[in-house]
Amino acid sequence: MGKMKYDYPINDIDAEEAVLGSIMLGSSVLERSCPKCGEPFSDGPRIEEIAAWLKPTDFHREKNGWIYQVCLGLHKAGKPCNPILVAHELARQKRLEATGGIAYLGHLIAEVPASLHIKYYAEIVKDLSERRHLIERGQQLKERGSDLTRPLPPKLKRSFDV
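This text gives an overview of the structure that appears in the document. Just so you know, these numbers come straight off a predicted model, no measurement behind them. Per-chain numbering applies: the sequence of each chain, read as written, is numbered from 1 onward. In keeping with the predicted nature of the model, local features appear solely for residues at pLDDT of at least 70, side-chain atom pairs appear and are counted solely at 80 or more, and the whole-chain, interface and lining totals rest on all residues. Excluded from the side-chain calculation are hydrogens and water; included are all heavy atoms of the structure.

Some words on the packing of aromatic side chains
Selection rule: Aromatic rings from Phe, Tyr and Trp, taking only the six-membered ring of Trp, are treated as a pair when their centres fall within 6.5 Å; an angle between ring planes under 30 degrees marks them as stacked, one over 60 as edge-to-face, and anything in between as tilted. Buried, partly exposed and exposed residues are distinguished by accessible area as a fraction of the type maximum, computed with a 1.4 Å probe on protein chains only: under 20%, between the cut-offs, and over 50%, respectively. Two limits define a charge over a ring: the Lys NZ or Arg CZ must be within 6 Å of the ring centre, and within 35 degrees of the ring normal.
With the rule as written, the count across this model stands at one aromatic pair. Considering the side-chain rings of Phe59 and Tyr68, the 5.0 Å spacing of their centres and the 40 degrees angle between planes classify their relative orientation as tilted. Across this residue pair, the class does not change: Phe59 and Tyr68 are buried. Against the face of Tyr104 rests Lys63, its NZ or CZ located 3.9 Å from the ring centre.

Concerning helix α7 (residues 118-146)
Inclusion rule: Going along the chain from the N terminus, every DSSP run of H or I of four or more residues is numbered as a helix, and every run of E of two or more is numbered as a strand. In this analysis, the expected span of each helix is defined as 1.5 Å times one less than the number of residues it contains. Whether two residues touch is decided by their heavy atoms; if any such pair falls within 4.5 Å, the residues are in contact.
In this model, α7 (29 residues) spans 42 Å end to end at C-alpha, consistent with the 42 Å of a helix rising 1.5 Å per residue. For α7, the complete set of buried residues consists of Ile118, Tyr121, Ala122, Val125, Lys126, Leu128, Ser129 and Arg132. Summarising the contacts, the buried residues of α7 are in contact with α1 (13-25) and α2 (47-51).

Observations concerning unusual backbone geometry
Outside of glycine, negative phi angles account for most residues, and trans bonds account for most peptide bonds. A positive phi angle, near 60 degrees, is found at Lys94, a position not held by glycine. Tracing the backbone shows Lys94 in the loop between α4 (83-92) and α5 (96-99).

Examining the side chain of Asp58
For the record, the criterion: Polar contact is defined as a pair of N or O atoms within 3.5 Å, subject to the rule that within protein one atom must be able to donate a hydrogen and the other to accept it, and that residues adjacent in sequence are counted only when both atoms are side-chain atoms.
Residue placement: Asp58 occurs in the loop between α2 and α3 (62-76). At 2.8 Å, the side chain of Asp58 forms a polar contact with the side chain of Ser129. When residues no more than four places from it in sequence are discounted, the contact partners of Asp58 are Trp53, Val125, Lys126, Ser129 and Arg132.

Brief notes about the pattern of salt bridges
Cut-off, in case you're wondering: Throughout this description, the term salt bridge denotes a Lys or Arg side-chain nitrogen within 4 Å of a carboxyl oxygen of Asp or Glu.
For the structure shown, the criterion picks out six salt bridges. The salt bridge partner of Glu123 is Lys119, with a shortest N-O separation of 3.0 Å. In this pair, Glu123 and Lys119 both sit in helix α7, four residues apart, roughly one turn of the helix. With a relative accessible area of 36%, Lys119 lands in the partly exposed category. Between Asp127 and Arg131 there is a salt bridge whose closest N-O contact spans 2.9 Å. Separated by four residues within a single helix, Asp127 and Arg131 lie in helix α7, roughly one turn from each other.

Scope: geometric values only; no functional claims are made or implied.
Laid out in C-alpha cells, this is it:
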C-alpha cells in the first residue's frame, strides 16, 4: 500500500526540517567536551534520546526520513552528521539528487529556529506520524467492514463487544 491521501495535511514539514537541521547543526544533539576539564556535556537532548522514539518512517516526506536515517548511521559510526558527510552518504546510496542535493541540506540548517528545541520539533513529527497511522488503520477497517464479499474475522467482531 502506497502513501495514503488525506483530506487535509497531517504533517508539519517545518518541524521535520527543524529536526534534521538541528541534528546537522550538532550543538544541541551531539555530546561535546568541556574545553576546560574535558568532561562530556550536552546543552540539549542527545541524538540517542531522540532516536529511541523517533524513527525514519515517522517523517512524512520520504526524503526527510532518508536524511534522518543517514544521520543516525553517521552518529552510530562515531562520525559527525554534517551536510558534507550526509551528502556523501546520500550520493553513495544514489539518493542525493532525490533529496534535493547539497542545497536542500544547507536549507535545513539555515531554517532551524533554535536547535535547542529539537525535542519539541521531534515530538510534533512523532505525534503527526501516529495520527497518520491511526487514520490509515481506520481506513483499512472501513474498507474491511464495507467489503460484503468477505466475512468479518471473529477477532474483529469481538473488538466491538463492550
